[in-house]
Amino acid sequence: MWYWSLKSLFAEPLRLISGSLGVACAFLLVMVFQAVFEGESRQIVAYIQNTDADVWVMQDGVENMHMASSLLWNWKAPRIARIAGVTEVASILYMNTVMSAGGKRWFSYIVGVDENAFTGGAWEMTAGEAWPQQGEAIVPDVVAILSGLSIGDTVQVLDAELRIVGLSRGTFSMANSVTFINKKDLSRLMDAGEAVSYILVKGSDGISAQDLAARIKTGVDKVSALPKQQFIHRDREMALQMGSEIIRIMITIGTLLAVLIAGFTVYYQVIHKQRELALAKALGFRHRHIYAGVFLQAAAINALGYGLAVAGAYTLMPMIPLVAPQISLYVSVESLVRLGVIGILVTTLVVFVLARNVTRVDPVTVFQR
Amino acid sequence: MSEPILRAIGLSKQFGTAAALVRAVDDVSLEAAPGELVLIMGPSGSGKTTLLSMLGALMKPDAGRIFIEDVEVSALREGQLPRLRANKIGFVFQSFNLLAALTVEENVLFPARLVAGGVKAAGARAEQLLERLELTGRRRALPRTLSGGEKQRVAIARALVNRPTIIFADEPTGNLDSRMGQEVMMILRSVARDQGCTVVMVTHDSRSEEAADRILWLEDGKLRDRKTDTHVWRRDPVCGMRVDEWTAVEKSRYRGRDYVFCSHECLSRFEASPAAYVLATGQE
């Protein structure tokens with residue numbers, strides 16, 4: 001039955017290709033949604049990921065950055081610097097707001113940095129300066145492209161008009177672009193006085209971020225200190241809670257579509273081959289042989305569709321950012337494996353649903369003329 | 001008569017209920033001995049195929065018992081029937097029912113996967129059958145490239161590959177022209193005579209009578225005796241074969257006169273150009 005099943009599938013290449021392409025399209029759709037989801041998930045925490053701090057210190061009770069507000073006295077920075085194992089300390093000011101650029105409005109993280117800080121600024125530049133002086137701004141290169149701006153043009157942050165002096169790479173996402181301005185400017189705009197938002201701490205070799213965070217919490221009152229990876233985890237969790245539902249729904253729809261296409265293809269195959277299945281029964285093949293044959297066909301269609309989708313993903317996805325630079329895509333092996341597993345489950349589900357049709361095939365139909 | 005291979009006792013099958021009730025087979029009993037070729041004839045709708053389906057363990061009778069080699073088939077559970085069909089029974093159909101994706105050789109070996117030894121053990125047997133049925137040169141061919149006669153020979157080889165004790169054939173000559181039909185009948189005759197395999201065959205084709213050991217007449221679901229004087233021999237205007245007007249199924253009327261045909265093929269040809277055949281045979 002296995003042999004017949006595969007031969008009969010490959011004997012009709014048009015049907016096999018159309019079925020597999022249908023499954024591939026559905027899988028590709030899911031892969032694109034997942035790549036957007038993964039890309040955005042990574043991009044949301046790109047700023048934290050790319051700062052060279054082992055521990056993030058913030059206002060007591062605050063545990064993330066996205067849509068959060070944290071204020072703590074700046075004098076806590078030198079106190080932290082004196083703690084054993086701390087080698088570098090830098091403080092930043094931070095707020096979420098809407099930035100106007102080229103007549104468009106962009107939701108943005110505004111990060112105020114000291115020009116001599118060891119970290120906290122842009123980590124990769126497309127053009128211009130990396131550290132802003134007063135009256136200057138570093139904006140994401142994608143914002144500049146989409147707004148038609150370049151170095152020398154101005155952007156508006158709250159009531160301040162700032163001149164673009166640098167374009168940073170990897171700082172744009174649909175949820176949170178990062179714009180860097182001078183800390184003194186942001187302090188004035190926020191009326192923050194002697195307060196800062198986060199203190200970034202670098203530890204010496206040989207001390208873990210966990211231990212360093214514990215020492216800071218013990219040594220300084222009313223602060224929250226989190227190792228970088230824990231801070232990233234908390235921040236991503238918070239950010240995804242706020243924006244991932246739509247993408248999850250789209251992934252579910254794509255997966256259902258894949259199930260439907262795979263199901264329909266296999267169902268059609270069973271209906272189309274009903275007479276041959278009836279013959280197999282008349283000759284003495286059992287239901288389990290026929291299930292195995294149908295399962296193999298479903299698995300072959302799904303495997304081929306999945307392979308085509310993976311090939312399509314690796315071919316098409318690098319092109320998407322060229323057309324739509326605002327979209328951050330990331331294809332992970334993990335998500336591809338997950339989809340592969342879904343494919344197998346789909347196959348099993350389809351065969352399970354079709355089981356009734358197979359058992360209903362009446363061997364007497366072999367006598368029909 | 002030696003111990004019968006097939007025994008059916010009081011078989012009945014009905015479909016529908018109340019006013020729509022149809023007694024397709026009504027209290028039929030029959031026997032077939034080893035090496036015997038038994039014809040079941042009768043008009044359309046007389047219950048021939050229903051009877052054959054029950055005898056071949058494809059359909060459960062409402063009443064009655066069926067024995068194949070002392071195994072009471074009608075008492076077997078659904079799960080026991082596939083094994084019986086694979087080991088004891090061969091089928092030949094009017095529409096051949098070859099698997100389109102498989103070659104001639106693969107079609108012949110298809111049921112061999114179900115018996116001990118599988119395809120490997122059946123290889124030599126398939127080889128013999130292909131040779132005997134003159135299919136050796138076509139072993140790699142796909143069914144769509146075969147003639148009707150070749151397809152039916154493949155179907156016969158497939159029915160024989162597991163060395164069944166009985167073959168059930170449903171109108172095996174129905175889709176063949178007269179020459180091919182005669183050839184298939186000779187093969188089935190030889191299968192019965194030379195191999196001792198019982199052949200039970202349902203047919204409309206009166207030409208098959210000459211090859212049969214015994215003819216059973218089924219009408220309205222019951223087996224009846226057919227009168228010996230009911231033959232009214234006529235000539236098929238297309239192929240010239242002798243056809244019994246009384247049992248002929250393929251008939252046509254042209255210019256107020258009735259014509260009978262040996263097969264649907266001949267009828268189709270006639271209907272495409274009746275004047276040509278009527279003039280050629282001088283039957284007008």
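See above for the structure.
Residues numbered from 1 in each chain as written. Chains lettered and ligands numbered in written order. Predicted model: local features only at pLDDT ≥ 70, side-chain atom pairs only at ≥ 80, totals over all residues. Heavy atoms only, no water.

Peer 1: Describe the interface of chain B and chain A, naming the residues involved and giving the relevant values.
Peer 2: Between chain B and chain A, the residue contacts involve 29 residues of the former and 23 residues of the latter. For the pair chain B and chain A, the summed buried surface comes to about 2,400 Å²; carbon and sulfur atoms form 65% of the total. Joining chain B to chain A, the criterion identifies 1 salt bridge. For the salt bridge of E106 of chain B with K7 of chain A, the shortest nitrogen-to-oxygen distance reads 2.9 Å. Between the two partners, chain B and chain A, sit 8 residue pairs in polar contact (both at pLDDT 80 or more). Of all the secondary structure elements, the ones that give two or more residues to the side of chain B that touches chain A are α1 (48–55) and α2 (81–88) of chain B. By residue number, the principal contributor to the side of chain B that touches chain A is α2 of chain B, which donates 4 residues. Residue classes in the side of chain B that touches chain A are distributed as 15 nonpolar, 7 polar and 7 charged. (Contact = heavy atoms within 4.5 Å. Buried area = accessible area lost by both parts, 1.4 Å probe. Salt bridge = Lys/Arg side-chain N within 4 Å of Asp/Glu carboxyl O. Polar contact = N/O pair within 3.5 Å; in protein donor to acceptor, adjacent residues only side chain to side chain. Helix = DSSP H or I, 4+ residues; strand = E, 2+ residues; numbered from the N terminus. Nonpolar A, V, L, I, M, F, W, Y, C, P; charged D, E, K, R; others polar.)

Peer 1: Go over the sheet that holds strand β10 (residues 222–224) of chain B, please, and point to the residues and values.
Peer 2: Residue and element names in this part refer to chain B. Strand order in the open sheet formed by 6 strands is β6-β7-β8-β3-β9-β10, with mixed pairing between adjacent strands. Edge strands, defined here as strands with exactly one partner in the open sheet, are β6 (89–92) and β10. Across the sheet, the mean angle separating the axes of adjacent strands is 25° when strand polarity is ignored. Relative to strand β7 (residues 166–170), β6 runs parallel, the two being bridged by 4 bridges. Each bridged residue has a counterpart across the sheet, and for V92 the counterpart in β7 is A169. Of the strands in this sheet, β6 and β7 touch α2, which is tilted by about 75° from β6. Docked against the sheet, helix α6 (residues 178–195) engages β3 (37–41), β7 and β8 (198–203), running at close to 150° with respect to β8. (Pairing = 2+ DSSP bridges. Axes fitted to C-alpha atoms, helices over the stretch in contact; angles between N-to-C directions.)

Peer 1: Quick rundown of the pairing of β8 of chain B? Include the residues and the values.
Peer 2: Residues and elements named next belong to chain B. Extensive coverage of β8 is indicated by the burial of 6 of its 6 residues. Burial of β8 is two-sided: the residues T198, V200 and V202 facing one way and the residues V199, M201 and T203 facing the other way are all buried. Where β3 lies against β8, 5 bridges are found, and the strand directions are parallel. Bridged to I40 within β8 is V202. Read as a crossover between parallel neighbours, the route from β7 over α6 to β8 is right-handed. (Buried < 20%, exposed > 50% of the residue type's maximum accessible area, 1.4 Å probe, protein only. Right-handed = clockwise from strand over helix to strand, strands pointing away.)

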